[in-house]
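Fold and contact review
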Amino acid sequence: VSPEGVGDVRIEDVADIERTDNAGDSYARVNGDRGVLLSIYKGSTAGTSVVSDRVQAVIDDLEEEYPGLHVVPLVDQGDYIDMVIQSIFKSMLIGAGLAILILAIFLMDIRPTLVVAFSIPFSMLTALVVMYFTGLSINMMSLFGLSLAVGMLVDNSIVVIENIYRLRYKGLSAPDAAVHGGKQVAGAIISSTLTTVCVFFPIVFTSGLVRQLMLPFSLTITYALVASLIVAMTVVPVMGAGLLQKAKPKEHKIFDKIQDFYGAILAFCLRFKFVPLGIAVALLVICGYAVISMGIVLLPDAGSEQITLSAELPEEMDQEEAYEKADQIVDAITSVPGVAYIGAMDGDSAAGISGSFLSSQGDSDYHMISAYIIPDAEWDTIDELNELVKNLNLAVENTGVDVSVTNSMMGEMSAMLGSGLEINISGKDMDSLKEASEMIMDAVKEVPGFTKVENGLDQTEPQIHLVIDRDKARRYGTTTAQLYQLISDELATEKTAVTLSIDNRDMDVVIIDETDPLTKENLLELTFEEEKKKDDGTTETVEHTLRSVARIEMEDSISEINRSDGSRMITVTAETEEGQFVMLLRRGLEEKLKTMTFPEGTSWSFGGEVENTMDMLSQMGLLMVVGAILIYLVMVAQFQSLLGPFIVIFTVPLAFTGGLMGMLIYGSQMSLVSLMGFLVLMGTVVNNGIVFVDYTNKLWVHGYEKREPLIETGKTRMRPIMMTALTTILAMLAMVFSQDAGNEMSKDMAIVVAVGLLYATLMTLFIVPVLYDIFYRKKPHVVKLAEVSEDLRDDIV
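Here goes a summary of the coordinates provided. (Residues numbered from 1 in each chain as written. Predicted model: local features only at pLDDT ≥ 70, side-chain atom pairs only at ≥ 80, totals over all residues. Heavy atoms only, no water.)

**Overview of helix 2 (residues 77–107)**
The first and last C-alpha atoms of helix 2 sit 45 Å apart over 31 residues, in line with the 45 Å expected at 1.5 Å per residue. Immediately downstream of helix 2, the backbone of Met108 shows phi near 55°, a positive value. (Helix = DSSP H or I, 4+ residues; strand = E, 2+ residues; numbered from the N terminus. Expected span 1.5 Å × (residues − 1).)

If you want it as structure tokens, here you go:
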């Protein structure tokens, strides 16, 4: 692209442009016609979407300027980013609408609903402003954080407005209700917000992929929640004092009956404590075992509107036959309804497109055919796109070659992070490494689920070993080094003879001699001279052939030698069969390898996907442990005791049962994304538990008997607990049931949070009071009621 045609594209945004055409032996076709491939890469500081839009604008200008020119963007990462952003924004809007609807249903009053609804845009705007000034960009993970925060933004505001609303109906004036209502729950909402934030603080101890994905996600949620806390403590009471001036009590007959029913069940649970505790522990064990048995993956599969094809042709095919077969594949794809364009290329052409999936498709030769397929319409759901992919695979089944068509975005991630099985074998001796690799290959082949087991040693190169007899060489007056120099001189066909000065410029004159090249056949006929002394004291020059002091041995050598920490390394690789997971298969293989005795000086370790997944699990485990400790310390400061926080934190592992149930229902595997959901769940589960224990302490101190405050707290706090839970759950359901292609990766996290929080609500309403009744033997020494007039004290309680 000439500078005149660049248009809006800033040169500093484009890192590189490469061109591959159909000249020579390369294969490049667009809908069966010859084509030219142009690859454009963005600069490191440029935004993908911005560069994509600007390049597209230039393409439009060029097509308008040159009639007949047609450019088809086969790969545009900007399209995928736009798709993800649109999908997440759509889920955010739906989630916010459902959250406001829940408030209206529970409060049955438009005034408090408006107060709480205001906190959503205000908190979002504040979070975006802070993101801007801290240099946090709008990307996939930060948007995931915002979409998750939508349902959590109103939690603090709900607790405050519900308490103000309740006091207003108890007889307090609107201003007094706003002041006392906010003051009563201030400690609880500050503590609950800090517990959620503390979950994400240990991100500073992580590294690699976990840090790259978690940091923007964590910071975004933190900014949004802190903003919602500020709104709940300042804006909500002020608006409540104004909007609730003329509020009149409304009867909630249905909800009152639900509260009475709940009170009866809670009384039963408090009497027979082993029933709810036994059920909770049993479900946790069963669900945990079932999920672990399903396997663990690094990242879940993510759908895309970009369809890719890869075909591996038989090695015995020559180039002409391979290109004919590639044409058959292109014709088969083009005939499928719904296909607008297909751009196909061989490995040599695809090797230049290093910024896309094609770089990972295999060897750069004509035996690998890669292609991008562009649908002829925008697909509304991922199911419709998957149906098209299914039809494409059916179309190429009869081509006689191994062809796979997919719309997964994980190909590029697999190339970067590794996929399938990799076992690295290290050592000093090459023969020992070969023996160890063959032993491991045999062990891998015995494990059902692995295919295409290789150690890379089959890709050998023929090698000439020239074995020199040093004793004979010395008798002929030469050395190994002199013979090496002789061979080296014969291999050099170019020699600089003289340097000429022409027009004040020095030019070398190079003589190229290719008349008698050195080959395998004439190598041993190469001659060297010996200066031999005669009896009369004179010397004579005697010529000898290399054959007289050396012999040739032909061997196969490996094409490359890898090293790790100074040692040689061979990697055994294997692919997993459809429906199998490498982390699940690894367990049996690892036990088998530990019982084997390998050659001395060799050692083995898992690499690739297994290594990355194990590293991810260890880092996420560290996050959860440190997060749990910080949550406990925050609650200790809130309750000024060790017992109350212990009761709340004890419910966290039990509440994980809900997330595990969600994964079982939807058939999701444990991954980094689902573990992020459990991390969020751990920070949100304790929030309602804090409010429950805090309010129970106040009632017990005020003079109730031990079990009375538990039942009264459950009935009183049931509405805000259900409201805060349902707003977050419904916000997540918009992502769970979304069929957008860009929503595939975030779905696992939404499933864990939604189902987990639903189950955790039951933990708060039933398990927390049961544990409170078990562990608390005397009244707590904390928390006094807000200072109000004596005649209103009982009504406030």
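Alright, that's what it looks like, and here's the rest.
**What to know about the side chain of Ser674**
Looking at the secondary structure, you find Ser674 in helix 19 (residues 672–702). Of the polar contacts made by the side chain of Ser674, one reaches the backbone nitrogen of Ser671; its length is 2.7 Å. Excluding residues within four positions of it along the chain, Ser674 makes contact with Met663, Gln669, Asp748 and Val752. (Polar contact = N/O pair within 3.5 Å; in protein donor to acceptor, adjacent residues only side chain to side chain. Contact = heavy atoms within 4.5 Å.)

**With respect to the environment of Leu699**
Take Leu699: it is sitting in helix 19. With a relative accessible area of 2%, Leu699 lands in the buried category. As for Leu699 and Thr713, which are separated by 14 residues in sequence, their C-alpha atoms are 8.0 Å apart. (Buried < 20%, exposed > 50% of the residue type's maximum accessible area, 1.4 Å probe, protein only.)

**A look at the packing of aromatic side chains**
For the structure on display, the rule yields nine aromatic pairs. Taking the centre distance of 5.2 Å and the plane angle of 80° together, the rings of Tyr132 and Phe133 count as edge-to-face. For the pair shown, Tyr132 and Phe133 are each scored as exposed. By the ring-pair criterion, three or more aromatic residues cluster together here, those being Phe646, Phe650 and Phe775. (Phe/Tyr/Trp six-rings, centres within 6.5 Å; stacked < 30°, edge-to-face > 60°.)

**Focus on the pattern of salt bridges**
Summed over all chains, the structure comprises eight salt bridges. Across the pair Lys273 and Asp773 runs a salt bridge, and its minimum N-O distance is 3.0 Å. In this pair, Lys273 sits in the loop between helix 7 (253–271) and helix 8 (274–294) while Asp773 sits in helix 21 (residues 744–775), placing the two residues 500 residues apart along the sequence. With a closest N to O distance of 2.4 Å, Glu525 and Arg547 form a salt bridge. Taken together, the positions of Glu525 in the loop between strand 13 (505–512) and strand 14 (527–533) and Arg547 in the loop between strand 15 (539–545) and strand 16 (550–558) put the pair 22 residues apart, joining distant regions of the chain. (Salt bridge = Lys/Arg side-chain N within 4 Å of Asp/Glu carboxyl O.)

**Remarks on the packing of helix 2 against helix 20 (residues 707–736)**
Packing of helix 2 against helix 20 brings their axes to within 8 Å, and their N-to-C directions diverge by 155°. Between helix 2 and helix 20, the angle is such that the two are roughly antiparallel. Classified by chirality, the crossing of helix 20 by helix 2 is right-handed. Residues Ser91, Ile94, Gly95, Leu98, Ala99, Ile102, Leu103, Phe106 and Leu107 of helix 2 form the contact with helix 20, whose participating residues are Arg719, Met722, Met723, Leu726, Thr727, Leu730, Ala731, Ala734 and Met735. Across the contact of helix 2 with helix 20, the residue classes break down as 14 nonpolar, three polar and one charged. (Axes fitted to C-alpha atoms, helices over the stretch in contact; angles between N-to-C directions. Parallel < 35°, antiparallel > 145°, perpendicular 65-115°, else oblique. Left-handed = near helix turned anticlockwise from the far one by under 90°. Nonpolar A, V, L, I, M, F, W, Y, C, P; charged D, E, K, R; others polar.)

**Thoughts on a negative patch on the surface**
Together, Glu312, Glu315, Glu316, Asp318, Glu320, Glu321, Glu324 and Glu454 make up a negatively charged patch on the protein surface. The biggest single contributor to the negative patch is helix 9 (residues 319–334), with three residues. Along the chain, the position of Glu454 falls in strand 10 (residues 450–454). With a relative accessible area of 35%, Glu454 lands in the partly exposed category. (Patch = residues over 30% accessible without salt bridge, like charges linked within 9 Å, V, L, I, M, F, W, Y side chains within 5 Å. Areas by Shrake-Rupley, 256 points an atom, 1.4 Å probe, with all protein chains shown as cover. Lys, Arg positive; Asp, Glu negative; His and termini not counted. Charge placed at Lys NZ, Arg CZ, Asp CG, Glu CD.)

**A closer look at the nonpolar core**
Across soluble globular proteins, nonpolar side chains have a tendency to be buried as a group. Core analysis: the biggest nonpolar cluster contains 153 residues, and Phe217, Leu421, Leu589 and Phe678 have the highest contact counts within it. In this view, Phe217 contacts Met141, Phe144, Gly145, Leu148, Phe200, Met676, Val680 and Met749; residues no more than four positions away in its chain are not counted. In this structure, Ile333, Ile369, Ile373 and Val389 belong to the second largest nonpolar core, which totals 24 residues. (Core = buried A, V, L, I, M, F, W, Y, C linked by side-chain atoms within 4.5 Å.)

**Re the side chain of Thr193**
Here Thr193 is to be found in helix 5 (residues 174–200). Apart from the residues lying within four places of it in its own chain, the contact partners of Thr193 are Asn156, Leu225 and Leu229.

**Re the pairing of strand 7 (residues 368–375)**
Within strand 7, seven of the eight residues are buried, leaving the element largely enclosed by the surrounding structure. Pairing of strand 6 (residues 339–346) with strand 7 involves seven bridges; the strand directions are antiparallel. Across the sheet, the residue bridging to Ala344 is Ala371, located in strand 7. (Pairing = 2+ DSSP bridges.)

**Comments concerning a nonpolar patch on the surface**
A grouping of Val498, Leu500, Ile502, Met507, Val509 and Ile511 is seen on the molecular surface, where their side chains present a nonpolar patch of about 450 Å² in accessible area. At the level of secondary structure, the elements contributing two or more residues to the nonpolar patch comprise strand 12 (494–502) and strand 13. Along the polypeptide, Ile502 turns up in strand 12. In this structure Ile502 comes out as partly exposed when scored by relative accessible area, which is 38%.

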